[in-house]
Amino acid sequence: MAISDRISSFPPIIDALSEILILGSVPGVRSLERQQYYAHPQNAFWKIIFELFDEPFTEDYTARIRILKRHHIALWDVIDTCERKGSLDSEIRNEEANRIGELLENYPGIKAIFCNGGKSYKNLQKILGKEYPVPVFLMPSTSPLHTVPLAKKLESWEKIMEYL
């Protein structure tokens, strides 16, 4: 792979009031281009967040971040850097982990972690081992490649409400 195929995650979106941590794997091509979490229009992440909290949908990224913070949700990825062509998790190579344990120590208000898809969940297991400081949940991926209907994804993601 060419050196240009190495990609990096974004900084976490988190503050002292965060209670839920949602972890993805690493940003896809569209997200990297726009420098925004879950920027692909077919990704259901933002639709799910707006539906869960009965918020009016907006494309404005700054407003989206304010909504996450208002509802005490932190957002990050399990992978700091990796090599990948395209956006598929299956194409990720030579990955380096984000410091999730350190983040949890620095933000003790986090009550639960929700992994957005299998890659996030598996990597979190590698990072933290089998003993988690808070409950961890594997959620259906919000990616458009994960063909579970939106209503079914939303039903699973409602689990977040139990921790807020």
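Residues numbered from 1 in each chain as written. Predicted model: local features only at pLDDT ≥ 70, side-chain atom pairs only at ≥ 80, totals over all residues. Heavy atoms only, no water.

*Asks:* Describe the packing of aromatic side chains, listing the residues and the values that go with them.
*Replies:* Throughout the structure, instances matching the rule amount to 10 aromatic pairs. Through pairs of rings, three or more aromatic residues link up here, namely Phe 10, Tyr 37, Tyr 38, Phe 45, Trp 46, Phe 50, Phe 57 and Tyr 61. (Phe/Tyr/Trp six-rings, centres within 6.5 Å; stacked < 30°, edge-to-face > 60°.)

*Asks:* Can you break down a negative patch on the surface residue by residue, with the values?
*Replies:* Residues Glu 51, Asp 54, Glu 155 and Glu 158 make up a contiguous surface patch of negative charge. By secondary structure assignment, the location of Glu 155 is in helix H6 (residues 150-157). By relative accessible area, Glu 155 is classed as exposed at 52%. (Patch = residues over 30% accessible without salt bridge, like charges linked within 9 Å, V, L, I, M, F, W, Y side chains within 5 Å. Areas by Shrake-Rupley, 256 points an atom, 1.4 Å probe, with all protein chains shown as cover. Salt bridge = Lys/Arg side-chain N within 4 Å of Asp/Glu carboxyl O. Lys, Arg positive; Asp, Glu negative; His and termini not counted. Charge placed at Lys NZ, Arg CZ, Asp CG, Glu CD. Helix = DSSP H or I, 4+ residues; strand = E, 2+ residues; numbered from the N terminus. Buried < 20%, exposed > 50% of the residue type's maximum accessible area, 1.4 Å probe, protein only.)

*Asks:* Break down the pattern of salt bridges for me, citing the residues and quoting the values.
*Replies:* All chains considered together, the criterion is met by 8 salt bridges. Arg 6 serves as the salt-bridge partner of Glu 83, at 3.9 Å between the closest nitrogen and oxygen. Of this pair, Glu 83 sits in strand S4 (residues 79-83) while Arg 6 sits in strand S1 (residues 6-8); the two residues are 77 residues apart in sequence, bridging distant segments of the chain. Arg 6 gets classed as partly exposed once you look at its relative accessible area, which sits at 29%. The shortest N-O distance in the salt bridge between Lys 159 and Glu 162 comes to 3.0 Å. Assessed through its relative accessible area of 28%, Lys 159 is described here as partly exposed. Residue classification places Glu 162 among the exposed residues on the basis of a relative accessible area of 55%. Taken together, the salt bridges that share partners define one network made up of Arg 6, Glu 83 and Glu 96.

*Asks:* A description of helix H5 (residues 118-128) should follow, citing residues and the corresponding values.
*Replies:* Along H5, the residues classified as buried are Ser 120, Asn 123, Leu 124 and Leu 128. Down the axis of H5, the buried set is contained in an arc of 120 degrees. They therefore lie on one face. Exposed side chains of H5 directed beyond 90 degrees from the buried face belong to Lys 122 and Lys 126. Following H5 by one or two positions, Gly 129 adopts a phi angle in the positive range, close to 80 degrees. (Arc of directions from axis to C-beta.)

*Asks:* Give me the lowdown on the nonpolar core, citing residues and values where you can.
*Replies:* Leu 21, Ile 22, Ile 113, Phe 114 and Leu 124 are the most contacted members of the largest nonpolar core, which has 49 residues in total. Among the elements that line this core, the one with the most residues is helix H2 (residues 45-52), at 6 residues. Setting aside its immediate chain neighbours within four residues, Ile 22 contacts Phe 45, Ile 49, Ile 73, Ala 74, Leu 75, Trp 76, Phe 114, Trp 157 and Ile 160. (Core = buried A, V, L, I, M, F, W, Y, C linked by side-chain atoms within 4.5 Å. Contact = heavy atoms within 4.5 Å.)

*Asks:* Before we move on, could you go through the pairing of strand S7 (residues 136-139) and cite the residues and values that matter?
*Replies:* Consecutive side chains along a regular strand alternate between the two faces of the sheet. Summarising the sheet, strand S6 (residues 112-116) and S7 pair through 4 bridges and their orientation is parallel. Within S7, the position partnered with Asn 116 by the bridge is Met 139. Note that the unit made of S6, H5 and S7 has a crossover that is right-handed. (Pairing = 2+ DSSP bridges. Right-handed = clockwise from strand over helix to strand, strands pointing away.)

Read these as spatial facts, not as claims about activity.
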